[in-house]
Amino acid sequence: AATLRLISASATHVIDIHTTGAICEPHVFTHASGHARFAPLGATVHILWDEQTAVGTFDESCVLPFRQSLHTRPIACTWEIFHHHTIDQTVLQDRLIKLLYWIDSVWSKQVHTTSLPECFSISQAMHLTAPIAGYYTWHAKVGSTVGTGDTYASVTQPWSEKTTFVKATSTWKLLSIY
């Protein structure tokens, strides 16, 4: 955290670039004030940080401490660009083009976008866990919206020859599978 603060101390904008999960829909974590600013990155979803739920994010380790020591803080985001261990040259080229497009929008002081991505509060984010022990199989695709009552996964218990289908209790969007 201290290193991140040192290298970004005089920045006006900060992007923390990550890969996440076994399968991932590109998404951005930012503040509401950064929502339009980071739209040129092309992520399909923005998850908005708030003061109470920034735990474990770049914002907690870097940007929140700026509020205590600096009058202005950088506009920051964490950009989840793809999933772990499978990024290829085509995906890298696409993300580089989007990053350069975003940099141009910052330097020209214009937001280059035609539409804003879907937006959720981080307080709406949730981690799903298997309801019982067994082999977990996803039925929902990453990036899809799962509706209330939809079957999104199944858990098979070979020792009892039983499969349990897991249904959503609310509507949500699946961003990543670990």
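The structure this text deals with has already been given above.
Residues numbered from 1 in each chain as written. Predicted model: local features only at pLDDT ≥ 70, side-chain atom pairs only at ≥ 80, totals over all residues. Heavy atoms only, no water.

A. The overall build of the chain, seen in detail. Within the chain, the secondary structure is distributed over three helices and 12 strands. Taken over 178 residues, the chain has a buried fraction of 39%. Partitioning the contacts of the chain with sequence separation of at least 6, the portion at a separation of at least 24 is 63%. A total accessible area of about 10,300 Å² is found for the chain, and carbon and sulfur atoms account for 58% of it. (Helix = DSSP H or I, 4+ residues; strand = E, 2+ residues; numbered from the N terminus. Buried < 20%, exposed > 50% of the residue type's maximum accessible area, 1.4 Å probe, protein only. Contact = heavy atoms within 4.5 Å. Areas by Shrake-Rupley, 256 points an atom, 1.4 Å probe, with all protein chains shown as cover.)

B. Representation of the packing of aromatic side chains in the model. Scanning the entire structure with this criterion turns up four aromatic pairs. Measuring from centroid to centroid gives 5.5 Å for phenylalanine 38 and tryptophan 102, while their planes differ by 15 degrees, and the two rings are stacked. Linking phenylalanine 38 in the loop between β3 (27-30) and β4 (45-48) with tryptophan 102 in helix α3 (residues 89-107), this pair joins segments that are 64 residues apart in sequence. By relative accessible area, which is 0% here, phenylalanine 38 ends up buried. Among the aromatic residues, ring-to-ring pairing joins Tyr136, Trp138, Tyr152 and Trp172 into one connected group. (Phe/Tyr/Trp six-rings, centres within 6.5 Å; stacked < 30°, edge-to-face > 60°.)

C. Quick peek at the environment of glycine 34. Its location among the elements puts glycine 34 in the loop between β3 and β4. Judged by its relative accessible area of 1%, glycine 34 is buried. When the C-alpha atoms of glycine 34 and isoleucine 75 are compared, they prove to be 6.1 Å apart, with 41 residues separating the residues in sequence.

D. Molecular detail of α3. The terminal C-alpha atoms of α3, which comprises 19 residues, lie 27 Å apart, in line with the 27 Å expected from a rise of 1.5 Å per residue. Looking at the buried residues of α3, the elements they touch are β1 (13-19) and β5 (75-82). (Expected span 1.5 Å × (residues − 1).)

E. Region of the structure containing the sheet that holds β4. Judged by pairing direction, the sheet is mixed, and its five strands sit side by side in the order β1-β5-β3-β4-β6 without closing on themselves. Sheet topology places β1 and β6 (118-121) at the edges, where each strand pairs with a single neighbour. The sheet shows a mean angle of 20 degrees between the axes of neighbouring strands, taken without regard to direction. With four bridges joining them, β4 and β6 adopt parallel strand pairing. Residue isoleucine 47 lies in a different strand from β6, and its bridge partner there is phenylalanine 120. Here α3 sits on the sheet and contacts β1 and β5; the angle it forms with β5, its principal contact strand, is near 165 degrees. (Pairing = 2+ DSSP bridges. Axes fitted to C-alpha atoms, helices over the stretch in contact; angles between N-to-C directions.)

Read these as geometric descriptors, not functional statements.
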